[in-house]
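Close look at the chain arrangement
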Amino acid sequence: MLEKIDLKKKANWEDTDERIKKLEIRIGELQRRCKELGIPIMVLFEGYEASGKGTMIGRMIRALDPRGFQVFPMEKETEEDKMHPYLWRFFTKTPAKGRIHIFDKSWYQGFFDDKLTPEEIRQFEKQFVDDGNLIVKFFLAITGKEQKKRLKALEKNKSTKWRVNKSDWSENKNYDEQVLRYDTLLIKTDTHEAPWTVVEAMDRKYATMKILTTLAKAMETAVKNAEGMKAASAGKDAEVESGVAAMEHEEFKNGVLAGIDLGKKLTDEEYRKKKKDLQKRLAILHNKMYLKRVPVVLAFEGWDAGGKGGAIKRITQAIDPRGYEVVPTASPNDIEKAHHYLWRFWEKFPKDGHMTIFDRTWYGRVMVERIEGFATEDEWKRAYAEINNMEAQLVKNGTVVLKFWMHIDKDEQAARFQSRQETPEKQWKITDEDWRNREKWDEYEKAVDEMIVKTSTKGAPWHVIEANDKRYARIKVLEIVVDALEKALH
(Lines give C-alpha, C1' and ligand atoms only; values in the text may rest on other atoms or scores of the structure.)
Protein backbone atom coordinates (compact mmCIF):
# COMPACT_ATOMS: atom_id res chain seq x y z
CA MET A 1 0.00 0.00 0.00
CA LEU A 2 2.44 2.70 1.22
CA GLU A 3 5.25 2.06 -1.23
CA LYS A 4 2.86 2.64 -4.15
CA ILE A 5 1.69 6.07 -2.95
CA ASP A 6 2.97 9.22 -4.63
CA LEU A 7 4.10 11.39 -1.71
CA LYS A 8 4.99 14.40 -3.85
CA LYS A 9 1.47 15.73 -4.19
CA LYS A 10 0.98 19.46 -3.60
CA ALA A 11 -1.89 21.90 -3.26
CA ASN A 12 -1.59 23.56 -6.65
CA TRP A 13 -5.08 25.08 -6.69
CA GLU A 14 -5.14 28.84 -6.98
CA ASP A 15 -8.10 28.99 -4.60
CA THR A 16 -6.68 26.59 -1.98
CA ASP A 17 -7.22 28.99 0.91
CA GLU A 18 -10.79 29.67 -0.18
CA ARG A 19 -11.49 25.94 -0.45
CA ILE A 20 -10.12 25.38 3.04
CA LYS A 21 -12.30 28.17 4.41
CA LYS A 22 -15.44 26.65 2.85
CA LEU A 23 -14.54 23.23 4.24
CA GLU A 24 -14.11 24.68 7.72
CA ILE A 25 -17.55 26.30 7.56
CA ARG A 26 -19.09 23.05 6.35
CA ILE A 27 -17.41 20.99 9.09
CA GLY A 28 -18.68 23.45 11.69
CA GLU A 29 -22.23 22.98 10.38
CA LEU A 30 -21.82 19.20 10.38
CA GLN A 31 -20.47 19.23 13.94
CA ARG A 32 -23.66 20.94 15.09
CA ARG A 33 -25.83 18.48 13.17
CA CYS A 34 -23.92 15.50 14.57
CA LYS A 35 -24.50 16.88 18.06
CA GLU A 36 -28.24 17.20 17.38
CA LEU A 37 -28.38 13.62 16.09
CA GLY A 38 -26.21 12.29 18.92
CA ILE A 39 -23.44 10.92 16.66
CA PRO A 40 -20.19 10.26 18.55
CA ILE A 41 -17.03 10.75 16.45
CA MET A 42 -13.50 9.45 16.91
CA VAL A 43 -10.72 10.88 14.74
CA LEU A 44 -7.39 9.03 14.84
CA PHE A 45 -4.03 10.40 13.73
CA GLU A 46 -1.21 7.93 13.14
CA GLY A 47 1.85 8.19 10.92
CA TYR A 48 5.61 8.45 10.72
CA GLU A 49 7.44 10.48 13.32
CA ALA A 50 7.71 14.17 12.33
CA SER A 51 4.99 13.69 9.70
CA GLY A 52 2.98 16.56 11.17
CA LYS A 53 0.28 14.89 13.25
CA GLY A 54 0.22 17.67 15.83
CA THR A 55 0.22 20.35 13.16
CA MET A 56 -2.64 18.71 11.26
CA ILE A 57 -4.69 18.23 14.42
CA GLY A 58 -4.20 21.93 15.21
CA ARG A 59 -5.25 22.82 11.67
CA MET A 60 -8.30 20.57 11.73
CA ILE A 61 -9.73 21.77 15.04
CA ARG A 62 -9.91 25.37 13.78
CA ALA A 63 -13.12 24.30 12.10
CA LEU A 64 -14.65 22.93 15.29
CA ASP A 65 -16.50 24.44 18.23
CA PRO A 66 -14.06 23.86 21.13
CA ARG A 67 -16.95 23.05 23.46
CA GLY A 68 -17.68 19.92 21.47
CA PHE A 69 -14.33 18.21 21.09
CA GLN A 70 -11.30 17.04 23.05
CA VAL A 71 -7.79 16.06 21.96
CA PHE A 72 -6.01 13.14 23.64
CA PRO A 73 -2.22 12.74 23.20
CA MET A 74 -1.79 8.99 23.70
CA GLU A 75 1.87 8.26 22.97
CA LYS A 76 2.95 7.50 26.54
CA GLU A 77 1.31 5.20 29.04
CA THR A 78 0.97 6.58 32.55
CA GLU A 79 1.63 4.45 35.62
CA GLU A 80 -2.15 4.28 36.11
CA ASP A 81 -2.56 3.06 32.52
CA LYS A 82 -0.01 0.29 33.06
CA MET A 83 -2.05 -1.04 35.99
CA HIS A 84 -5.08 -1.74 33.77
CA PRO A 85 -5.76 -3.78 30.62
CA TYR A 86 -4.17 -2.12 27.59
CA LEU A 87 -7.46 -0.95 26.05
CA TRP A 88 -8.70 0.59 29.32
CA ARG A 89 -7.08 3.97 28.70
CA PHE A 90 -8.69 4.21 25.27
CA PHE A 91 -12.15 2.87 26.12
CA THR A 92 -12.48 5.30 29.02
CA LYS A 93 -11.74 8.21 26.67
CA THR A 94 -14.26 7.33 23.98
CA PRO A 95 -16.80 10.10 23.25
CA ALA A 96 -20.34 10.53 24.47
CA LYS A 97 -23.09 10.99 21.89
CA GLY A 98 -22.67 14.18 19.89
CA ARG A 99 -19.03 14.76 20.88
CA ILE A 100 -15.77 14.49 18.91
CA HIS A 101 -12.67 12.93 20.47
CA ILE A 102 -9.38 13.25 18.59
CA PHE A 103 -6.53 10.85 19.30
CA ASP A 104 -2.92 11.85 18.64
CA LYS A 105 -1.71 8.25 18.33
CA SER A 106 -4.10 5.58 19.46
CA TRP A 107 -4.64 1.90 20.19
CA TYR A 108 -2.63 1.13 17.06
CA GLN A 109 0.53 1.56 19.13
CA GLY A 110 -0.52 -1.68 20.83
CA PHE A 111 0.28 -3.55 17.63
CA PHE A 112 3.90 -2.38 17.67
CA ASP A 113 4.22 -3.09 21.39
CA ASP A 114 2.89 -6.66 20.84
CA LYS A 115 -0.12 -5.94 23.07
CA LEU A 116 -2.83 -6.10 20.41
CA THR A 117 -3.36 -8.16 17.28
CA PRO A 118 -4.99 -6.71 14.14
CA GLU A 119 -8.03 -8.90 14.87
CA GLU A 120 -8.36 -7.42 18.37
CA ILE A 121 -8.13 -3.93 16.89
CA ARG A 122 -10.87 -4.71 14.35
CA GLN A 123 -13.09 -6.10 17.13
CA PHE A 124 -12.47 -3.03 19.29
CA GLU A 125 -13.48 -0.63 16.51
CA LYS A 126 -16.42 -2.69 15.30
CA GLN A 127 -18.25 -2.50 18.62
CA PHE A 128 -18.23 1.30 18.41
CA VAL A 129 -19.24 1.45 14.76
CA ASP A 130 -22.09 -0.96 15.51
CA ASP A 131 -23.12 1.36 18.34
CA GLY A 132 -23.39 4.36 16.00
CA ASN A 133 -19.90 5.87 16.29
CA LEU A 134 -18.12 7.42 13.32
CA ILE A 135 -14.42 6.48 13.24
CA VAL A 136 -12.16 8.48 10.90
CA LYS A 137 -8.56 7.26 10.66
CA PHE A 138 -5.68 9.25 9.15
CA PHE A 139 -2.18 7.95 8.49
CA LEU A 140 0.32 10.70 7.64
CA ALA A 141 3.08 9.59 5.28
CA ILE A 142 6.34 11.31 4.31
CA THR A 143 9.56 10.10 2.70
CA GLY A 144 12.56 9.01 4.74
CA LYS A 145 14.51 11.96 3.39
CA GLU A 146 11.81 14.43 4.45
CA GLN A 147 11.57 12.80 7.86
CA LYS A 148 15.32 13.22 8.40
CA LYS A 149 15.08 16.85 7.35
CA ARG A 150 12.23 17.57 9.77
CA LEU A 151 13.91 15.78 12.68
CA LYS A 152 17.06 17.85 12.17
CA ALA A 153 15.01 21.06 12.07
CA LEU A 154 13.24 20.11 15.30
CA GLU A 155 16.54 19.33 17.00
CA LYS A 156 18.04 22.62 15.89
CA ASN A 157 15.27 24.66 17.49
CA LYS A 158 15.68 25.01 21.27
CA SER A 159 11.93 25.08 21.85
CA THR A 160 11.31 21.80 19.95
CA LYS A 161 14.53 19.90 20.60
CA TRP A 162 12.88 17.93 23.43
CA ARG A 163 10.44 16.37 20.97
CA VAL A 164 13.13 14.32 19.20
CA ASN A 165 14.41 11.13 20.83
CA LYS A 166 16.43 8.04 19.95
CA SER A 167 13.41 6.07 18.80
CA ASP A 168 12.59 8.80 16.23
CA TRP A 169 16.06 8.52 14.73
CA SER A 170 15.85 4.73 14.90
CA GLU A 171 12.65 4.83 12.84
CA ASN A 172 14.35 7.04 10.28
CA LYS A 173 17.41 4.79 10.13
CA ASN A 174 15.16 1.76 9.54
CA TYR A 175 12.65 3.64 7.40
CA ASP A 176 12.15 0.84 4.83
CA GLU A 177 11.45 -1.70 7.55
CA GLN A 178 8.98 0.68 9.18
CA VAL A 179 7.16 1.10 5.88
CA LEU A 180 6.60 -2.66 5.74
CA ARG A 181 5.36 -2.79 9.35
CA TYR A 182 2.98 0.11 8.88
CA ASP A 183 1.84 -1.35 5.58
CA THR A 184 0.96 -4.68 7.21
CA LEU A 185 -1.01 -2.93 9.95
CA LEU A 186 -2.92 -0.65 7.57
CA ILE A 187 -3.92 -3.49 5.28
CA LYS A 188 -5.09 -5.73 8.13
CA THR A 189 -7.13 -3.02 9.86
CA ASP A 190 -8.63 -1.24 6.86
CA THR A 191 -12.32 -2.10 7.04
CA HIS A 192 -15.45 -0.86 5.33
CA GLU A 193 -16.77 0.47 8.65
CA ALA A 194 -13.52 2.18 9.69
CA PRO A 195 -11.29 2.72 6.64
CA TRP A 196 -7.84 4.26 6.62
CA THR A 197 -7.09 7.49 4.76
CA VAL A 198 -3.40 7.74 3.90
CA VAL A 199 -2.47 11.42 3.78
CA GLU A 200 0.44 12.53 1.62
CA ALA A 201 1.91 14.90 4.21
CA MET A 202 4.94 16.36 2.40
CA ASP A 203 2.95 19.49 1.53
CA ARG A 204 1.03 20.81 4.52
CA LYS A 205 -1.69 22.60 2.56
CA TYR A 206 -2.36 19.50 0.51
CA ALA A 207 -2.53 17.43 3.70
CA THR A 208 -4.91 19.96 5.27
CA MET A 209 -7.18 19.86 2.23
CA LYS A 210 -7.28 16.05 2.19
CA ILE A 211 -7.96 15.76 5.92
CA LEU A 212 -10.73 18.37 5.95
CA THR A 213 -12.34 16.97 2.79
CA THR A 214 -12.26 13.40 4.14
CA LEU A 215 -13.66 14.44 7.50
CA ALA A 216 -16.45 16.48 5.91
CA LYS A 217 -17.48 13.61 3.62
CA ALA A 218 -17.43 11.11 6.49
CA MET A 219 -19.57 13.39 8.67
CA GLU A 220 -22.00 14.03 5.81
CA THR A 221 -22.43 10.28 5.30
CA ALA A 222 -22.93 9.71 9.03
CA VAL A 223 -25.55 12.47 9.19
CA LYS A 224 -27.35 11.13 6.11
CA ASN A 225 -27.43 7.60 7.56
CA ALA A 226 -28.63 8.81 10.97
CA GLU A 227 -31.37 10.96 9.41
CA GLY A 228 -32.46 8.03 7.25
CA MET A 229 -32.68 5.69 10.24
CA LYS A 230 -34.59 8.30 12.22
CA ALA A 231 -37.11 8.75 9.42
CA ALA A 232 -37.48 5.01 8.91
CA SER A 233 -37.99 4.46 12.63
CA ALA A 234 -40.67 7.16 12.81
CA GLY A 235 -42.63 5.78 9.87
CA LYS A 236 -42.28 2.10 10.59
CA ASP A 237 -45.47 0.24 11.48
CA ALA A 238 -45.35 -2.46 14.10
CA GLU A 239 -44.46 -5.72 12.46
CA VAL A 240 -45.95 -9.04 13.50
CA GLU A 241 -43.46 -11.88 13.59
CA SER A 242 -44.44 -15.18 12.05
CA GLY A 243 -44.82 -18.08 14.43
CA VAL A 244 -41.69 -19.74 13.06
CA ALA A 245 -39.57 -16.58 13.41
CA ALA A 246 -40.77 -15.98 16.95
CA MET A 247 -40.04 -19.55 18.02
CA GLU A 248 -36.52 -19.54 16.56
CA HIS A 249 -36.58 -23.33 16.95
CA GLU A 250 -36.69 -23.20 20.75
CA GLU A 251 -36.57 -26.97 20.97
CA PHE A 252 -33.06 -26.99 19.52
CA LYS A 253 -31.59 -24.36 21.88
CA ASN A 254 -29.04 -25.24 24.54
CA GLY A 255 -30.27 -25.44 28.13
CA VAL A 256 -28.33 -24.96 31.37
CA LEU A 257 -30.55 -24.02 34.29
CA ALA A 258 -33.08 -26.85 33.96
CA GLY A 259 -30.40 -29.41 34.84
CA ILE A 260 -29.28 -27.77 38.08
CA ASP A 261 -29.95 -29.68 41.34
CA LEU A 262 -31.27 -27.10 43.80
CA GLY A 263 -31.62 -29.57 46.66
CA LYS A 264 -28.04 -29.20 47.92
CA LYS A 265 -27.73 -28.06 51.54
CA LEU A 266 -25.33 -27.52 54.44
CA THR A 267 -25.95 -27.78 58.16
CA ASP A 268 -25.21 -24.81 60.42
CA GLU A 269 -22.15 -26.56 61.80
CA GLU A 270 -20.78 -27.41 58.33
CA TYR A 271 -21.38 -23.86 57.20
CA ARG A 272 -19.60 -22.20 60.16
CA LYS A 273 -16.59 -24.49 59.92
CA LYS A 274 -16.16 -24.11 56.17
CA LYS A 275 -16.75 -20.34 56.26
CA LYS A 276 -14.08 -19.80 58.93
CA ASP A 277 -11.49 -21.78 56.99
CA LEU A 278 -12.27 -20.26 53.58
CA GLN A 279 -12.35 -16.66 54.83
CA LYS A 280 -9.00 -17.15 56.56
CA ARG A 281 -7.47 -18.45 53.32
CA LEU A 282 -9.10 -15.65 51.33
CA ALA A 283 -7.59 -12.99 53.59
CA ILE A 284 -4.10 -14.39 52.96
CA LEU A 285 -4.75 -14.64 49.22
CA HIS A 286 -5.99 -11.04 49.09
CA ASN A 287 -2.65 -9.86 50.47
CA LYS A 288 -0.75 -12.00 47.96
CA MET A 289 -2.96 -10.69 45.20
CA TYR A 290 -1.91 -7.15 46.07
CA LEU A 291 1.80 -7.99 46.40
CA LYS A 292 1.85 -9.82 43.07
CA ARG A 293 -0.27 -7.11 41.40
CA VAL A 294 -2.94 -9.53 40.18
CA PRO A 295 -6.31 -7.81 39.43
CA VAL A 296 -9.57 -9.67 40.12
CA VAL A 297 -13.10 -9.19 38.74
CA LEU A 298 -16.02 -10.99 40.37
CA ALA A 299 -19.31 -10.63 38.49
CA PHE A 300 -22.58 -11.55 40.20
CA GLU A 301 -25.85 -12.11 38.37
CA GLY A 302 -28.91 -14.10 39.37
CA TRP A 303 -32.61 -14.12 40.03
CA ASP A 304 -34.05 -11.35 42.18
CA ALA A 305 -33.58 -12.49 45.82
CA GLY A 306 -31.09 -15.08 44.58
CA GLY A 307 -28.54 -14.23 47.26
CA LYS A 308 -26.02 -12.03 45.46
CA GLY A 309 -25.68 -9.60 48.35
CA GLY A 310 -25.20 -12.35 50.92
CA ALA A 311 -22.49 -14.05 48.86
CA ILE A 312 -20.68 -10.75 48.27
CA LYS A 313 -20.81 -9.92 51.98
CA ARG A 314 -19.11 -13.23 52.91
CA ILE A 315 -16.26 -12.34 50.54
CA THR A 316 -15.78 -8.75 51.71
CA GLN A 317 -15.89 -9.76 55.38
CA ALA A 318 -12.53 -11.49 54.86
CA ILE A 319 -10.56 -8.88 52.90
CA ASP A 320 -8.96 -5.48 53.38
CA PRO A 321 -11.48 -2.75 52.39
CA ARG A 322 -8.63 -0.70 50.89
CA GLY A 323 -8.10 -3.35 48.24
CA TYR A 324 -11.57 -3.87 46.81
CA GLU A 325 -14.64 -2.04 45.54
CA VAL A 326 -18.20 -3.29 45.28
CA VAL A 327 -20.02 -1.80 42.29
CA PRO A 328 -23.84 -2.07 42.38
CA THR A 329 -25.12 -1.73 38.83
CA ALA A 330 -28.42 0.04 38.35
CA SER A 331 -30.10 1.50 35.27
CA PRO A 332 -27.63 3.71 33.38
CA ASN A 333 -27.78 7.44 34.08
CA ASP A 334 -27.82 10.11 31.37
CA ILE A 335 -24.01 10.30 31.16
CA GLU A 336 -23.69 6.52 30.88
CA LYS A 337 -26.44 6.34 28.26
CA ALA A 338 -24.48 8.82 26.14
CA HIS A 339 -21.60 6.32 25.84
CA HIS A 340 -21.19 2.78 24.57
CA TYR A 341 -22.95 0.49 27.06
CA LEU A 342 -19.65 -1.12 28.14
CA TRP A 343 -18.00 2.23 28.90
CA ARG A 344 -19.30 2.48 32.47
CA PHE A 345 -17.86 -0.95 33.28
CA TRP A 346 -14.45 -0.22 31.79
CA GLU A 347 -14.43 2.83 34.07
CA LYS A 348 -14.73 0.54 37.10
CA PHE A 349 -12.36 -2.30 36.24
CA PRO A 350 -9.66 -2.71 38.91
CA LYS A 351 -6.06 -1.68 38.59
CA ASP A 352 -3.40 -4.32 39.19
CA GLY A 353 -3.53 -5.83 42.67
CA HIS A 354 -7.13 -4.78 43.39
CA MET A 355 -10.51 -6.51 43.27
CA THR A 356 -13.78 -5.19 41.85
CA ILE A 357 -17.01 -7.00 42.69
CA PHE A 358 -19.96 -6.23 40.42
CA ASP A 359 -23.47 -6.67 41.84
CA ARG A 360 -25.20 -6.95 38.45
CA THR A 361 -23.09 -6.43 35.38
CA TRP A 362 -22.69 -5.80 31.66
CA TYR A 363 -24.84 -8.90 31.12
CA GLY A 364 -27.90 -6.74 31.59
CA ARG A 365 -27.62 -6.08 27.84
CA VAL A 366 -28.52 -9.72 27.04
CA MET A 367 -31.05 -10.15 29.85
CA VAL A 368 -33.17 -7.27 31.13
CA GLU A 369 -32.42 -5.00 28.16
CA ARG A 370 -33.25 -7.85 25.80
CA ILE A 371 -36.46 -8.93 27.54
CA GLU A 372 -37.77 -5.44 28.32
CA GLY A 373 -36.97 -4.04 24.88
CA PHE A 374 -34.36 -1.50 26.02
CA ALA A 375 -31.92 -2.93 23.44
CA THR A 376 -32.76 -3.78 19.85
CA GLU A 377 -32.41 -7.36 18.65
CA ASP A 378 -29.30 -6.40 16.69
CA GLU A 379 -27.78 -4.74 19.77
CA TRP A 380 -28.23 -7.64 22.18
CA LYS A 381 -27.30 -10.31 19.64
CA ARG A 382 -23.95 -8.69 18.85
CA ALA A 383 -23.33 -8.10 22.57
CA TYR A 384 -22.22 -11.71 23.14
CA ALA A 385 -19.13 -11.21 20.97
CA GLU A 386 -18.50 -7.72 22.37
CA ILE A 387 -18.60 -9.03 25.93
CA ASN A 388 -16.38 -12.00 25.13
CA ASN A 389 -13.84 -9.67 23.51
CA MET A 390 -13.89 -7.32 26.51
CA GLU A 391 -13.38 -10.15 28.98
CA ALA A 392 -10.60 -11.57 26.81
CA GLN A 393 -8.77 -8.25 27.17
CA LEU A 394 -9.08 -8.50 30.95
CA VAL A 395 -7.74 -12.05 30.96
CA LYS A 396 -4.91 -11.10 28.61
CA ASN A 397 -3.90 -8.47 31.17
CA GLY A 398 -3.67 -11.17 33.87
CA THR A 399 -7.05 -10.47 35.48
CA VAL A 400 -8.81 -13.31 37.30
CA VAL A 401 -12.40 -13.16 36.02
CA LEU A 402 -15.12 -15.19 37.75
CA LYS A 403 -18.83 -14.96 36.92
CA PHE A 404 -21.59 -16.28 39.17
CA TRP A 405 -25.25 -16.96 38.41
CA MET A 406 -27.15 -17.29 41.70
CA HIS A 407 -29.85 -19.81 40.85
CA ILE A 408 -33.05 -20.42 42.82
CA ASP A 409 -36.41 -21.83 41.78
CA LYS A 410 -39.62 -19.87 41.46
CA ASP A 411 -41.12 -21.14 44.73
CA GLU A 412 -38.03 -20.17 46.72
CA GLN A 413 -38.07 -16.72 45.16
CA ALA A 414 -41.73 -16.24 46.12
CA ALA A 415 -40.97 -17.28 49.71
CA ARG A 416 -38.07 -14.81 49.92
CA PHE A 417 -40.16 -12.01 48.44
CA GLN A 418 -42.88 -12.67 51.03
CA SER A 419 -40.31 -12.71 53.83
CA ARG A 420 -38.92 -9.37 52.72
CA GLN A 421 -42.36 -7.79 52.66
CA GLU A 422 -43.06 -9.01 56.19
CA THR A 423 -39.70 -7.90 57.64
CA PRO A 424 -39.56 -4.07 58.15
CA GLU A 425 -35.76 -3.78 57.83
CA LYS A 426 -35.83 -5.74 54.57
CA GLN A 427 -38.82 -4.12 52.87
CA TRP A 428 -36.52 -1.78 50.91
CA LYS A 429 -35.24 -4.84 49.03
CA ILE A 430 -38.60 -5.65 47.41
CA THR A 431 -40.33 -3.57 44.72
CA ASP A 432 -43.31 -3.89 42.42
CA GLU A 433 -40.84 -4.45 39.59
CA ASP A 434 -39.53 -7.59 41.30
CA TRP A 435 -43.04 -9.06 41.27
CA ARG A 436 -43.57 -8.03 37.64
CA ASN A 437 -40.35 -9.72 36.57
CA ARG A 438 -41.66 -13.04 37.88
CA GLU A 439 -44.29 -12.97 35.15
CA LYS A 440 -41.47 -13.21 32.58
CA TRP A 441 -39.57 -15.99 34.36
CA ASP A 442 -39.60 -18.33 31.35
CA GLU A 443 -38.33 -15.61 29.01
CA TYR A 444 -35.53 -14.76 31.42
CA GLU A 445 -34.59 -18.41 31.83
CA LYS A 446 -34.16 -18.80 28.06
CA ALA A 447 -32.08 -15.62 27.93
CA VAL A 448 -29.87 -16.81 30.82
CA ASP A 449 -29.35 -20.20 29.21
CA GLU A 450 -28.21 -18.54 25.99
CA MET A 451 -26.01 -16.07 27.89
CA ILE A 452 -24.18 -18.79 29.82
CA VAL A 453 -23.66 -20.99 26.75
CA LYS A 454 -22.37 -18.15 24.58
CA THR A 455 -20.18 -16.34 27.12
CA SER A 456 -18.69 -19.00 29.40
CA THR A 457 -15.07 -19.17 28.28
CA LYS A 458 -11.93 -20.81 29.65
CA GLY A 459 -10.56 -17.47 30.80
CA ALA A 460 -13.86 -16.08 32.12
CA PRO A 461 -16.08 -19.02 33.12
CA TRP A 462 -19.64 -18.94 34.43
CA HIS A 463 -20.38 -20.72 37.72
CA VAL A 464 -24.03 -21.59 38.32
CA ILE A 465 -24.56 -21.57 42.09
CA GLU A 466 -27.29 -23.75 43.59
CA ALA A 467 -28.72 -21.06 45.87
CA ASN A 468 -31.99 -22.41 47.31
CA ASP A 469 -29.94 -23.01 50.45
CA LYS A 470 -28.15 -19.76 51.30
CA ARG A 471 -25.44 -21.45 53.35
CA TYR A 472 -24.53 -23.86 50.57
CA ALA A 473 -24.46 -21.03 48.00
CA ARG A 474 -22.20 -18.77 50.06
CA ILE A 475 -19.72 -21.56 50.73
CA LYS A 476 -19.62 -22.63 47.10
CA VAL A 477 -18.88 -19.06 45.97
CA LEU A 478 -16.08 -18.78 48.56
CA GLU A 479 -14.63 -22.12 47.45
CA ILE A 480 -14.58 -21.08 43.81
CA VAL A 481 -12.95 -17.72 44.57
CA VAL A 482 -10.32 -19.24 46.88
CA ASP A 483 -9.53 -22.05 44.44
CA ALA A 484 -9.15 -19.64 41.50
CA LEU A 485 -6.88 -17.29 43.46
CA GLU A 486 -4.73 -20.14 44.74
CA LYS A 487 -4.19 -21.32 41.17
CA ALA A 488 -3.44 -17.80 39.93
CA LEU A 489 -1.05 -17.01 42.79
CA HIS A 490 0.74 -20.34 43.17
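Residues numbered from 1 in each chain as written. Predicted model: local features only at pLDDT ≥ 70, side-chain atom pairs only at ≥ 80, totals over all residues. Heavy atoms only, no water.

Counting secondary structure elements, the protein contains 21 helices and 10 strands. Dimensions of the protein, computed from C-alpha atoms along their principal axes, come out at roughly 85 × 60 × 40 Å. When each of the 490 residues of the protein is scored for burial, the buried share is 51%. The long-range fraction of contacts in the protein, counting pairs at least 24 apart against all pairs at least 6 apart in sequence, stands at 81%. For the protein, the exposed area adds up to about 25400 Å²; of that, 50% sits on carbon and sulfur atoms. Between the averaged position of the 90 positive side-chain charges in the protein and that of its 84 negative side-chain charges there is a distance of 6 Å. (Helix = DSSP H or I, 4+ residues; strand = E, 2+ residues; numbered from the N terminus. Buried < 20%, exposed > 50% of the residue type's maximum accessible area, 1.4 Å probe, protein only. Contact = heavy atoms within 4.5 Å. Areas by Shrake-Rupley, 256 points an atom, 1.4 Å probe, with all protein chains shown as cover. Lys, Arg positive; Asp, Glu negative; His and termini not counted. Charge placed at Lys NZ, Arg CZ, Asp CG, Glu CD.)

Our focus in this paragraph is the side chain of Arg 365. Counting through the fold element by element, Arg 365 comes out in the loop between β8 (355–359) and α16 (368–371). Only 2.8 Å separates the side chain of Arg 365 from the side chain of Glu 369, close enough to count as a polar contact. (Polar contact = N/O pair within 3.5 Å; in protein donor to acceptor, adjacent residues only side chain to side chain.)

Now for the sheet that holds strand β3 (residues 100–104). The strand order β2-β3-β1-β4-β5 describes an open sheet built from 5 strands, whose pairing is parallel. Two strands close off the open sheet at either side, each with one partner strand: β2 (69–73) and β5 (196–200). Averaged over all pairs of adjacent strands, the angle between strand axes in this sheet comes to 20°, irrespective of strand direction. As judged from the 5 bridges shared by strand β1 (residues 41–47) and β3, these two strands associate in the parallel manner. Looking at the pairing, Leu 44 lines up with Phe 103 of β3. Where helix α2 (residues 53–60) meets the sheet, it contacts β1, β2, β3 and β4 (134–141), and its direction lies at approximately 150° from that of β1. Sitting on the sheet, helix α6 (residues 118–130) is in contact with β1 and β4, with an inclination near 135° to β4. (Pairing = 2+ DSSP bridges. Axes fitted to C-alpha atoms, helices over the stretch in contact; angles between N-to-C directions.)

Okay, the packing of α6 against helix α17 (residues 377–396) next. As a packed pair, α6 and α17 sit with axes 11 Å apart at the nearest point and diverge in direction by 135°. Considering their axes alone, α6 and α17 lie oblique with respect to each other. In terms of crossing hand, the pair formed by α6 and α17 is left-handed. Contact residues: Glu 120, Gln 123, Gln 127 and Asp 130 in α6; Arg 382, Glu 386, Asn 389, Gln 393 and Lys 396 in α17. Of the residues in the contact of α6 with α17, the class split is no nonpolar, 4 polar and 5 charged. (Parallel < 35°, antiparallel > 145°, perpendicular 65-115°, else oblique. Left-handed = near helix turned anticlockwise from the far one by under 90°. Nonpolar A, V, L, I, M, F, W, Y, C, P; charged D, E, K, R; others polar.)

Our next topic: the pairing of strand β6 (residues 296–302). Across the 7 residues that make up β6, a large majority, 7, are buried. The alternating pattern of β6 places Val 296, Leu 298, Phe 300 and Gly 302 on one face and Val 297, Ala 299 and Glu 301 on the opposite face, and all of these are buried. Of the pairings in the sheet, the one linking β6 to β8 comprises 5 bridges and is parallel in character. Bridge pairing links Val 296 to Met 355 in β8. With 7 bridges connecting them, β6 and strand β9 (residues 400–407) associate as parallel partners. Across the sheet, residue Val 297 finds its bridge partner in β9, namely Val 401.

Quick look at the sheet that holds strand β7 (residues 324–328) now. Working definition: the strands of a sheet are paired by backbone hydrogen bonds and lie parallel or antiparallel to each other. Taken in spatial order, the 5 strands make up an open sheet running β7-β8-β6-β9-β10, and their pairing is parallel. The open sheet is flanked by β7 and β10 (462–466), the only strands paired with a single partner. With strand direction ignored, the average angle separating the axes of adjacent strands in the sheet is 20°.

Moving on to the nonpolar core. Grouped together as the largest cluster of nonpolar side chains are 139 residues, with contacts concentrated most on Trp 107, Ile 315 and Trp 362. With near-sequence residues (within four places) excluded, Trp 107 lies in contact with Met 42, Leu 44, Tyr 86, Leu 87, Phe 90, Leu 116, Ile 121, Phe 124 and Glu 125. (Core = buried A, V, L, I, M, F, W, Y, C linked by side-chain atoms within 4.5 Å.)

The subject of this paragraph is the packing of helix α8 (residues 166–173) against helix α9 (residues 175–188). Helix packing for two helices is described by the angle between their axes and how far apart those axes are. Put simply, α8 and α9 touch, their axes get as near as 5 Å, and they point 90° apart. Compared by their axis directions, α8 and α9 come out roughly perpendicular. Touching Glu 171, Asn 172 and Lys 173 of α8 are Tyr 175, Gln 178 and Tyr 182, all from α9.

By secondary structure assignment, the location of His 463 is in strand β10. Through-space distance from the C-alpha of His 463 to that of Lys 403 is 6.0 Å; in sequence the pair is 60 residues apart. Ignoring any residue separated from it by four or fewer positions in sequence, one finds His 463 in contact with Leu 402, Lys 403, Phe 404, Trp 405 and Ile 480.

All right, on to helix α21 (residues 470–488) then. For an α-helix, the turn length of 3.6 residues means that residues three or four places apart are oriented alike. Taking 1.5 Å per residue as the helical rise, α21 with its 19 residues ought to reach 27 Å, and the 27 Å between its terminal C-alpha atoms agrees with that figure. Among all positions in α21, only Tyr 472, Ala 473, Arg 474, Ile 475, Lys 476, Val 477, Leu 478, Ile 480, Val 481, Val 482, Ala 484 and Leu 485 are buried. (Expected span 1.5 Å × (residues − 1).)

What follows is about α2. Every buried residue of α2 is listed here: Lys 53, Met 56, Ile 57, Arg 59 and Met 60. Buried residues along α2 cover an arc of 160° about the axis, so they all sit on one side. (Arc of directions from axis to C-beta.)

Turning our attention to the confidence of the model for the protein. Mean pLDDT over the protein: 92, with 95% of residues reaching 70 or higher. Predicted confidence for residues 237–249 stays below pLDDT 50, and this span has 4 contacts to residues more than four positions away or in other chains. (pLDDT = per-residue confidence, 0-100.)

Here we take up the pattern of salt bridges. Here the structure, examined in full by the defined rule, presents 44 salt bridges. Across the pair Glu 18 and Lys 22 runs a salt bridge, and its minimum N-O distance is 3.6 Å. You can see Glu 18 and its partner Lys 22 sitting in helix α1 (residues 16–37), 4 residues apart, about one turn around the helix. Judged by relative accessible area, which is 46%, Glu 18 ranks as partly exposed. On the basis of relative accessible area, Lys 22 is assigned to the exposed category, the value being 55%. The closest approach of N and O atoms between Glu 79 and Lys 82, which form a salt bridge, is 3.7 Å. Placement of the pair is Glu 79 and Lys 82 together in helix α3 (residues 79–82), with a separation of 3 residues, close to one helical turn. Among the residues examined, Lys 82 registers a relative accessible area of 44% and is labelled partly exposed. If you follow the salt bridges from partner to partner, you end up with Asp 131, Asp 378, Arg 382 and Glu 386 in one network. (Salt bridge = Lys/Arg side-chain N within 4 Å of Asp/Glu carboxyl O.)

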